[in-house]
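The primary structure of each chain is shown beneath.
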Amino acid sequence: MPAPSLIVSSFWNLIVTGQLWPNLLVSLGRVLVGLAAGVAVGTALALWSGLTRLGEDVVDPPVQMARTLPHLALIPLMILWFGIGETPKIVIIALGATFPIYLNLFSAIRGADRKLQEAGVVLGLTRRETVWHVVLPAALPGFLVGLRQALGIAWISLVVAEQINASSGIGYLVMNARDFLQTDVIFDGLLVYAALGLATDRLVRLLEVRLLAWRPATLPV
Amino acid sequence: MNMVTEEATRASEALQSAGPAVEVRGLTREFAGNAVLRGLDLRINPGEFVALLGRSGSGKSTLLRTLAGLDAAPAGTVQVPVARTVVFQEPRLLPWKRVWRNVTLGLRSADPKARAEAALDEVGLSHRLNAWPLTLSGGEAQRAALARALVREPALLLLDEPFAALDALTRIRMQALVTDLWRVHSPAVLLVTHDVDEALTLADRALVLEHGKIALDIEVTMPRPRQPDDPTFGEQRRLLLTALGVAA
């Protein structure tokens, strides 16, 4: 276990030698791209499955099957299919992010208050307007819960994906440090992962506060 | 004097639109082989205020939902105006839209905001235009729901126990408000209620639904505002309660 002072000084060293920022940006970029892809796919699937009977029949069974598979177990397959470049890393992150988005958004759409939808009907809303004004806003809190879960899984996926043949990123720094027995640098990497995870989670919470301004401030019971 | 002109307006409107606002014949509705409505006939004239009473499970809500177009599979003839809307027991405001946007929801007319403001002013809510619905009190939310219904200028207004969830004082105020609004806008009204006194306070006609049909249909001709100490009030109250199976 390295002394805290050593961790701090090696961290400072990573900054001044210019190793930290480029690798941090690479890792952050992977998470954001993978997350964006996963959120897009999960949202599209959940909308189709949640809003139409046909979509549910087509989408839900295979997605429910696929989600029971630990997605990290697919890494060997990803490497065979996509090689060892950026693609398999992004795909793994996207795959991990898809399922929490899908599950939360699907159940939120289906759980949207029937009584409010009826009110929409008697006010003369079309089906499309009812979805836009009633169902989707009602599903937004569920979607945001899914987004926070997806973000957590994206970071886990990143850590695993970066330990395989990465030539950049925080994971690369950590694996390098392992080879040179630099325990202090490994700790630096862990701290960076924790800080990034925390920062992005706060971002989603901020988004929640903005988007769900209509909810009265919820106090802990 | 004011009342006379309003009556005259309503009468002329009735002549123009020619024919009843609601015409139901032989309406039957079954749920899993259980007939809730059995060949029900109902007629409501334009501008007429009708109260519908009945025990729990007598089919009041089913009838109202059929008239609202919310029930998919009724058998029989149902004629209702296109311009109709419902105020439910719960306000059913969309919590993610500010009050005035709730009022204009689905409203297809020029300058919806101005109309929402006018409607909310009518129900005494002009100071809560931009409030979030979850910050309203029960009475305020129900007034917003009334504004949302009336801004559409309905020819038929369906009220599904709209005051049942309110406290007694708010209920009295809301009943007076509904009477005023009905006088100004003169839609045909069907009020579903459990409350015999409420029916006699508000309506031109009180119906009792029993075994899937209208079992009792009485005219309420007492002058408004109605007084519970009016001898007719007590008489009709007894009549309705007996029909509802409550010994009075």
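Residues numbered from 1 in each chain as written. Chains lettered and ligands numbered in written order. Predicted model: local features only at pLDDT ≥ 70, side-chain atom pairs only at ≥ 80, totals over all residues.

**Student:** Explain the overall build of chain B residue by residue, including any values.
**Tutor:** Broken down by element type, chain B carries 8 helices and 9 strands. In terms of overall dimensions, chain B is globule-like: its C-alpha atoms have a radius of gyration of 18 Å, near the 18 Å expected for 248 residues. When the backbone C-alpha atoms are referred to their principal axes, chain B occupies close to 45 × 45 × 40 Å. Looking at chain B as a whole, 42% of its 248 residues are labelled buried. Pairs at least 24 apart in sequence give 69% of the contacts found in chain B among residues at least 6 apart. (Helix = DSSP H or I, 4+ residues; strand = E, 2+ residues; numbered from the N terminus. Rg over C-alpha atoms; globule rule 2.2 N^0.38 Å. Buried ≥ 20, exposed ≤ 12 C-beta atoms within 10 Å, placed from the backbone. Contact = placed C-beta atoms within 7 Å.)

**Student:** Any chance you could break down the nonpolar core for me, citing the residues and the numbers?
**Tutor:** Nonpolar side chains tend to gather and get buried jointly when the protein is soluble and globular. Among the nonpolar cores identified, the biggest contains 103 residues, and A:I93, B:A51, B:L52, B:L120, B:A147 and B:L190 are the most heavily contacted of them. For this core, the leading source of residues is helix α5 (residues 86-110) of chain A, giving 14 residues. When residues of this core are sorted by domain, at least three fall in each of domain 1 (2-80 + 155-243) and domain 2 (93-153) of chain B. Of all hydrophobic cores here, the second largest spans 5 residues; its members include A:I170, A:L173, A:V174 and A:V185. (Core = buried A, V, L, I, M, F, W, Y, C linked by C-beta atoms within 7 Å. Domains from an automatic or database assignment.)

**Student:** Give me the lowdown on the interface of chain B and chain A, citing residues and values where you can.
**Tutor:** On the chain A side, the residues contacting the 15 residues of chain B number 16 residues. Of the residues in the side of chain B that touches chain A, the class split is 10 nonpolar, 3 polar and 2 charged. (Nonpolar A, V, L, I, M, F, W, Y, C, P; charged D, E, K, R; others polar.)

**Student:** Summarise helix α7 (residues 127-162) of chain A; cite the residues concerned and give the values.
**Tutor:** Look at α7(A): only 46 Å from first C-alpha to last across 36 residues, short of the 52 Å you get at 1.5 Å a residue. Of all the bends found along α7(A), the most pronounced is centred on A:L140 and spans about 40 degrees, while A:P141, a proline, follows it within four residues. (Expected span 1.5 Å × (residues − 1). Bend = angle between axes of the 7 residues up to and from the residue.)

**Student:** So, the environment of A:L77: which residues are in play, and what are the values?
**Tutor:** If you trace the backbone, A:L77 turns up in helix α4 (residues 75-82). Between the alpha carbons of A:L77 and A:P88 there is a distance of 9.1 Å; along the sequence they are 11 residues apart.

**Student:** Account for the sheet that holds strand β4 (residues 75-79) of chain B, naming residues and giving values.
**Tutor:** All names here are of chain B. A sheet is described by the order of its strands in space; here 3 strands give the open sequence β2-β1-β4, paired in antiparallel fashion. With partners counted over all chains shown, the strands left at the sheet margins are β2 (34-44) and β4, one partner each. Each strand axis lies, on average, 20 degrees off the axis of its neighbour in the sheet, ignoring direction. Looking at chain direction, strand β1 (residues 22-31) and β2 are connected through 7 bridges and run antiparallel. If you follow E30 over to β2, its bridge partner there is A35. (Pairing = 2+ DSSP bridges. Axes fitted to C-alpha atoms, helices over the stretch in contact; angles between N-to-C directions.)

**Student:** So what's going on with the packing of helix α2 (residues 20-51) of chain A against helix α8 (residues 170-179) of chain A? Residues and values would help.
**Tutor:** Residues and elements named next belong to chain A. At a minimum axis separation of 7 Å, α2 and α8 run at an interaxial angle of 125 degrees. In terms of axis orientation, α2 runs oblique to α8. Where α2 approaches α8, its residues N23, L24 and S27 are matched on the opposing element by I170, G171, Y172 and L173. Along the lines of polarity and charge, the residues of the contact of α2 with α8 split into 4 nonpolar, 3 polar and no charged. (Parallel < 35°, antiparallel > 145°, perpendicular 65-115°, else oblique.)

**Student:** Could you give me a rundown of the domain arrangement of chain B, with the residues and numbers involved?
**Tutor:** One can read the domain layout of chain B as domain 1 (2-80 + 155-243) and domain 2 (93-153). With 5 residues, the top contributor of residues to the side of domain 1 of chain B that touches domain 2 of chain B is helix α6 (residues 168-185) of chain B.

**Student:** Describe the pairing of strand β8 (residues 205-210) of chain B, with residues and values.
**Tutor:** Residue and element names in this part refer to chain B. Summarising the sheet, strand β3 (residues 49-54) and β8 pair through 5 bridges and their orientation is parallel. Within the sheet, the bridge partner assigned to G54 lies in β8 and is L209. As judged from the 6 bridges shared by β8 and strand β9 (residues 213-219), these two strands associate in the antiparallel manner. Opposite L207, over in β9, you have D217 as the bridge partner. In textbook terms, the turn of a hairpin is the stretch between consecutive antiparallel strands, and for β8 and β9 this stretch comprises 2 residues, one of which, H211, has a positive phi near 50 degrees.

**Student:** Run through unusual backbone geometry, naming residues and quoting values.
**Tutor:** Residues and elements named next belong to chain B. A cis amide bond links R224 with the next residue in sequence, P225, at an omega value of -5 degrees. With respect to the helices and strands, the residue P225 is situated in the loop between β9 and α8 (231-243). Positive phi outside glycine occurs at R92, with the angle close to 55 degrees. Residue D111 is not a glycine yet carries a positive backbone phi of 50 degrees.

**Student:** Residue-level account of the confidence of the model for chain B, with values.
**Tutor:** All names here are of chain B. Looking at chain B as a whole, the pLDDT averages 87, with 92% of positions reaching at least 70. At the low end of the mean pLDDT range in chain B sits helix α1 (residues 2-17), at 39; at the high end sits helix α3 (residues 99-104), at 96. Here residues 1-16 is a poorly scored stretch, pLDDT under 50, and it has 10 contacts once near neighbours within four places are set aside; other chains count. The complex prediction reports pTM at 0.85, with the ipTM value standing at 0.83. (pLDDT = per-residue confidence, 0-100.)

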